[in-house]
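Summary of the model geometry
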Amino acid sequence: MTTLRGLHEQTVEALGARIVHGHYVPGACLPPEQLEREFGISKTVLREALRVLAAKGLIDSRQRRGTLVSPRSSWKLLDADLLRWQGGEPDAAFLENLAEVRGIVEPAGARLAATRRTPADLDALRAALRAMAEAGSDAVAVVEADLTFHRALLDAAHNELLSRMEIIIEAGLRARDLLVHHQPHWPDSVPVHDAIVAALKAGDSAAAETAVLALLDQASTDVSRAGAGNPGSRTPA
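As the structure is a prediction and not an experimental result, all values here were calculated from the model.

Roughly 280 Å³ of internal volume is contained in the largest pocket. Surrounding the largest pocket, 15 residues form its lining, Leu-95, Ala-99, Ala-219, Ser-220 and Val-223 being those nearest its centre. Mapped by element, the contributors of at least two residues to the lining of the largest pocket are helix 5 (92-116), helix 9 (166-181) and helix 11 (205-227). Among the elements that make up the lining of the largest pocket, the one with the highest residue count is helix 5 (7 residues). Looking at the lining of the largest pocket residue by residue, the classes come out as 7 nonpolar, 4 polar and 4 charged.

Written out as structure tokens, the structure is:
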């Protein structure tokens, strides 16, 4: 059963990523026999994998027409897997869209967090900040610490629905961070994050919003430099 589950998940991952990255274009037919041979799976495993992809809006199965890749307008773009698949090999449009969403959500979340944060929230933010500073040149550790910080920031607003936006924020951050932090050098983002914590501690909503906007500006600059192959140098915190 575990083996079957593993094959099912691997098939979903492979086909989902292919569709999202354009390997299979909208309207393309997915030939079952060919996929069964390629992945070495049974009809049952393939059928279950296709059922998952259909629930995400990626494909549509019809009698006499077979299984067709759906147009992008039918995809459930806020699905966690779709966000992750898109973020794995982000293009400029994907990064720009997510940057716009972050620009709407995070400054507003910081304003709320400044008046609602608890001592435990501040501790969580400081812990993430320490992890970010201690990560040094370990890109993976920096990315994980950054993700932890931004989850804690949304949680500090104590709005259940806002916290759920973590799915989108994480996808955008991971895509951006993997691009920036896998360069030979990158700017030190600890000071701009520290400014957010200071504003929250002071209970200053305006300052918290301004600090987040400054961080987002730096993030956009970092992505531009990484894309141009001209990253800035990072001074260890």
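We now examine the confidence of the model for the protein chain. Averaged over every residue, the pLDDT of the protein chain is 86; the share at 70 or more is 86%. Every residue in residues 229-237 scores below 50 in pLDDT, and together they form 22 contacts with partners more than four places removed in sequence or on other chains.

Now for the packing of helix 6 (residues 119-134) against helix 10 (residues 190-202). Between helix 6 and helix 10, the shortest axis-to-axis distance is 10 Å and the interhelical angle comes to 165 degrees. Classified by the angle between their axes, helix 6 and helix 10 sit roughly antiparallel to one another. Viewed along their axes, helix 6 and helix 10 form a crossing whose handedness is left-handed. Residues Leu-122, Leu-125, Arg-126, Leu-129, Met-132 and Ala-133 of helix 6 lie in contact with helix 10, whose contacting residues are Val-190, His-193, Asp-194, Val-197, Leu-200 and Lys-201. Looking at side-chain class alone, the contact of helix 6 with helix 10 contains 8 nonpolar, 1 polar and 3 charged residues.

Cut-offs applied
Residues numbered from 1 in each chain as written. Predicted model: local features only at pLDDT ≥ 70, side-chain atom pairs only at ≥ 80, totals over all residues. Heavy atoms only, no water. 1 Å grid on protein atoms, 1.4 Å probe; cavity = no way out; pocket = protein on both sides within 12 Å on 5 of 7 lines; lining within 4 Å. Points joined across faces, edges and corners; volume = space filled by probe spheres on them. Helix = DSSP H or I, 4+ residues; strand = E, 2+ residues; numbered from the N terminus. Nonpolar A, V, L, I, M, F, W, Y, C, P; charged D, E, K, R; others polar. pLDDT = per-residue confidence, 0-100. Contact = heavy atoms within 4.5 Å. Axes fitted to C-alpha atoms, helices over the stretch in contact; angles between N-to-C directions. Parallel < 35°, antiparallel > 145°, perpendicular 65-115°, else oblique. Left-handed = near helix turned anticlockwise from the far one by under 90°.

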